[in-house]
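# Secondary and tertiary structure notes
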Amino acid sequence: YQRRVSLLCRVELLPMRRLLLLVLLLAPFYVEAQSHMYRGGSTYTSNILYTFDGKYLYRGNSTYSSDIIYTFDGQQVYQGNSTYSSDILLTFDGRYIYEGNSRYTSDTLFTFDGKYLYAGRSTYSSDIVCTFERRHIFAGGSTYSSDILYTLDGEIPVALLVLLM
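Residues numbered from 1 in each chain as written. Predicted model: local features only at pLDDT ≥ 70, side-chain atom pairs only at ≥ 80, totals over all residues. Heavy atoms only, no water.

## Considerations on the overall build of the chain
Regarding its fold elements, the chain presents two helices and 12 strands. Start at the N end of the chain and walk to the C end: the helices and strands fall as α-β-β-β-β-β-β-β-β-β-β-β-β-α. Looking at the 165 residues of the chain, the share that counts as buried comes to 40%. The long-range share in the chain, meaning contacts at least 24 apart out of those at least 6 apart in sequence, stands at 26%. When the accessible area of the chain is evaluated, it comes to approximately 10600 Å², of which 54% is carbon and sulfur surface. (Helix = DSSP H or I, 4+ residues; strand = E, 2+ residues; numbered from the N terminus. Buried < 20%, exposed > 50% of the residue type's maximum accessible area, 1.4 Å probe, protein only. Contact = heavy atoms within 4.5 Å. Areas by Shrake-Rupley, 256 points an atom, 1.4 Å probe, with all protein chains shown as cover.)

Now the structure itself:
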């Protein structure tokens, strides 16, 4: 009887051991996705200006709570680590960026069409503030390498980027 119980315990532990081994083998490869914004065309660590983890934007290459500049919840950008409605700086609906918690036409700060960021509710070429292309942010409507303002190594919402430029 004792031998059978011992054998059953080993059999039941076998899947747990395999699972534990798999977790230990894959743990070094698990990295939380982060995006960085670099100065100019550089991607050197020393040129990291901001880090975004999907919710919080941090100063530099930090992910310390004391370095949180803005919080992004998918549509609103909040000041610091806050999610209070009184701390909403911008609202983004996918095309327009509004001041505060507004969606009034008169409160439109920028229009974004996927490539160009325009001042106000305009889509005129004379109102282009910057161009987003190939993970770079260019000054105005330019795409010349000499006009690269920032480089991104991942996704950072445009509503956050306008606060940083």
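Moving on from the model shown.
## Points about the packing of aromatic side chains
One pass over the full model with this rule turns up four aromatic pairs. Here Arg 121 stacks its cationic end above the ring of Tyr 96, 3.7 Å away from the centre of that ring. (Phe/Tyr/Trp six-rings, centres within 6.5 Å; stacked < 30°, edge-to-face > 60°. Lys NZ or Arg CZ within 6 Å of the ring centre and 35° of its normal.)

## A few points about the side chain of Ser 35
Checked against the element boundaries, Ser 35 lands in strand β1 (residues 35–39). Engagement of the side chain of Ser 35 in a polar contact is seen with the backbone nitrogen of Glu 155, the distance being 3.0 Å. Setting aside residues no more than four positions away along its own chain, Ser 35 makes contact with Tyr 50, Thr 51, Phe 52, Asp 153, Gly 154, Glu 155 and Ile 156. (Polar contact = N/O pair within 3.5 Å; in protein donor to acceptor, adjacent residues only side chain to side chain.)

## Here we look at the pairing of strand β2 (residues 48–52)
When you tally the buried positions in β2, you get five out of five residues, the bulk of the element. Pairing of β1 with β2 involves four bridges; the strand directions are antiparallel. Among the inter-strand pairings, His 36 is bridged to a residue of β2, identified as Thr 51. Here β2 pairs with strand β3 (residues 56–59) via three bridges, running antiparallel. (Pairing = 2+ DSSP bridges.)

## A closer look at the pattern of salt bridges
A full pass over the atoms with the stated rule returns three salt bridges. Ionic pairing is found between Arg 134 and Glu 133, a salt bridge with its closest N-O pair at 2.3 Å. We classify Arg 134 as exposed; its relative accessible area is 54%. Look at the salt bridges and you will find they share partners, linking Lys 115, Glu 133 and Arg 134 into a network. (Salt bridge = Lys/Arg side-chain N within 4 Å of Asp/Glu carboxyl O.)

## Considering unusual backbone geometry
Of note, the phi angle at Arg 134 is positive, near 50 degrees, even though the residue is not glycine. Looking at where Arg 134 falls in the secondary structure, it is placed in the loop between β10 (128–133) and β11 (136–139). A positive phi angle is found at Arg 135, which is not glycine, with a value near 65 degrees. Turning to its location among the elements, Arg 135 is positioned in the loop between β10 and β11.

## What to know about the environment of Ser 85
Relative to the helices and strands, Ser 85 is located in the loop between β5 (76–79) and β6 (88–92). Note: C-alpha distance between Ser 85 and Gly 100 (15 residues apart in sequence) is 8.9 Å.

## Side note on the environment of Asp 127
Residue placement: Asp 127 occurs in the loop between β9 (116–119) and β10. Separated by 10 residues in the primary sequence, Asp 127 and Leu 117 have C-alpha atoms spaced 8.4 Å apart. When sequence neighbours within four positions are dropped, the list of residues in contact with Asp 127 reads Leu 117, Tyr 118, Ala 119 and Ser 122. Polar contacts involving the side chain of Asp 127 include one to the side chain of Ser 122, which spans 2.6 Å.

What is shown is where atoms sit, not what they do.
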